[in-house]
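Coordinate inspection notes
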Amino acid sequence: MKDETDLKLPFRPGVGMMIVDKDNRVFVGKRIDSKANGWQMPQGGIDIGETPSSAALREMHEEMGSDKGYIIAESSKWYSYRLPKFLISKLWDGKYCGQRQKWFLIRFTGEDSDINIHTKHPEFDSWRWIEIKDLLDNIIPFKHKLYSKVIAEFKGVLD
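A quick note: this is a predicted structure, and the numbers were derived from the prediction, not measured.

Here we come to the layout of surface pockets. A volume near 780 Å³ is recorded for the largest pocket. In terms of residue count, helix α2 (residues 52–64) provides more of the lining of the largest pocket than any other element does, 4 residues in total. Residue composition of the lining of the largest pocket, grouped by class: 11 nonpolar, 10 polar and 11 charged.

Attention now moves to unusual backbone geometry. Phi is positive for Asn24, which is not a glycine, with a value near 65°. With respect to the secondary-structure elements, Asn24 resides in the loop between β1 (11–20) and β2 (26–31).

In this section: α2. End to end, α2 covers 18 Å across 13 residues, agreeing with the expected 18 Å (1.5 Å per residue, within 8%). The complete set of buried residues in α2 reads Ala55, Ala56, Glu59, Met60, Glu63 and Met64. Burial along α2 is one-sided: seen end-on, the buried residues are contained in an arc of 140°. Packing partners of the buried residues in α2 comprise β1, β2, β4 (43–45), β5 (69–82), β6 (98–108) and β7 (124–130). Of the residues flanking the end of α2, it is Gly65, one or two places downstream, whose phi is positive at about 70°.

A few words on a nonpolar patch on the surface. Where nonpolar side chains cluster on the molecular surface, the patch consists of Tyr70, Ile72 and Val157 and spans about 260 Å² of accessible area. With respect to the secondary-structure elements, Val157 resides in helix α5 (residues 144–158). The partly exposed category is assigned to Val157, whose relative accessible area is 43%.

Turning next to the packing of aromatic side chains. Describing an aromatic ring pair means giving the distance of the ring centres and the angle of the ring planes. Tallied over the entire structure, the rule returns 7 aromatic pairs. Between Phe108 and Trp129, the aromatic rings sit 5.8 Å apart at their centres with planes inclined by 40°, giving tilted as the arrangement. Of the two residues, Phe108 sits in strand β6 while Trp129 sits in strand β7, which places them 21 residues apart along the sequence. For Trp129, a relative accessible area of 12% translates into the label buried. Put simply, the rings of Phe27, Phe108, Phe124, Trp127 and Trp129 pair up and form one aromatic cluster. Its end group placed over the ring of Trp39, Arg128 keeps NZ or CZ at 4.4 Å from the ring centre.

A few words now on the environment of Thr109. Along the polypeptide, Thr109 turns up in the loop between β6 and β7. Thr109 gets classed as partly exposed once you look at its relative accessible area, which sits at 48%. For the pair Thr109 and Asp67, spaced 42 residues apart in sequence, the C-alpha to C-alpha distance is 9.0 Å. Every residue in contact with Thr109, bar those within four places of it in the chain, is listed here: Lys68, Gly69 and Tyr70. A polar atom in the side chain of Thr109 sits 3.5 Å from the backbone nitrogen of Gly69.

Reading the values: the criteria
Residues numbered from 1 in each chain as written. Predicted model: local features only at pLDDT ≥ 70, side-chain atom pairs only at ≥ 80, totals over all residues. Heavy atoms only, no water. 1 Å grid on protein atoms, 1.4 Å probe; cavity = no way out; pocket = protein on both sides within 12 Å on 5 of 7 lines; lining within 4 Å. Points joined across faces, edges and corners; volume = space filled by probe spheres on them. Helix = DSSP H or I, 4+ residues; strand = E, 2+ residues; numbered from the N terminus. Nonpolar A, V, L, I, M, F, W, Y, C, P; charged D, E, K, R; others polar. Expected span 1.5 Å × (residues − 1). Buried < 20%, exposed > 50% of the residue type's maximum accessible area, 1.4 Å probe, protein only. Arc of directions from axis to C-beta. Contact = heavy atoms within 4.5 Å. Patch = residues over 30% accessible without salt bridge, like charges linked within 9 Å, V, L, I, M, F, W, Y side chains within 5 Å. Areas by Shrake-Rupley, 256 points an atom, 1.4 Å probe, with all protein chains shown as cover. Salt bridge = Lys/Arg side-chain N within 4 Å of Asp/Glu carboxyl O. Phe/Tyr/Trp six-rings, centres within 6.5 Å; stacked < 30°, edge-to-face > 60°. Lys NZ or Arg CZ within 6 Å of the ring centre and 35° of its normal. Polar contact = N/O pair within 3.5 Å; in protein donor to acceptor, adjacent residues only side chain to side chain.

Such coordinate-based values are descriptive only and should not be taken to indicate function.
Here's what the structure looks like:
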């Protein structure tokens, strides 16, 4: 019999950030807690009383160690993704099946030397800039569908 427990769990409210440099390359990090070779764009939860846009800027600072940037665009809708079953019990105390996120396109205005992923609570063990066209070939597989939608929505803003 199929385990349907995760189908009853809610989605965690969060934000995602497509942070781009002056050449429209996307910031990606390799998660510190993952053995997989997948990369991801920064993301995080929305705290109680926080707006999605303020959560995005806070998370940017927490995950890349810099607040040098500004919001260019906000996704027109909320996007969601489900975690693979083996990860549900390992993340967020097993309370969520995945995340429902508002995405933000952020222009990074600093220099590479302003980026410091060795923050108080680091999430990435390495980072790099990647061309948008190469993003889907390098990300964690279960986020492929989500990232495809985010890229499609923001690509027009960057062209």
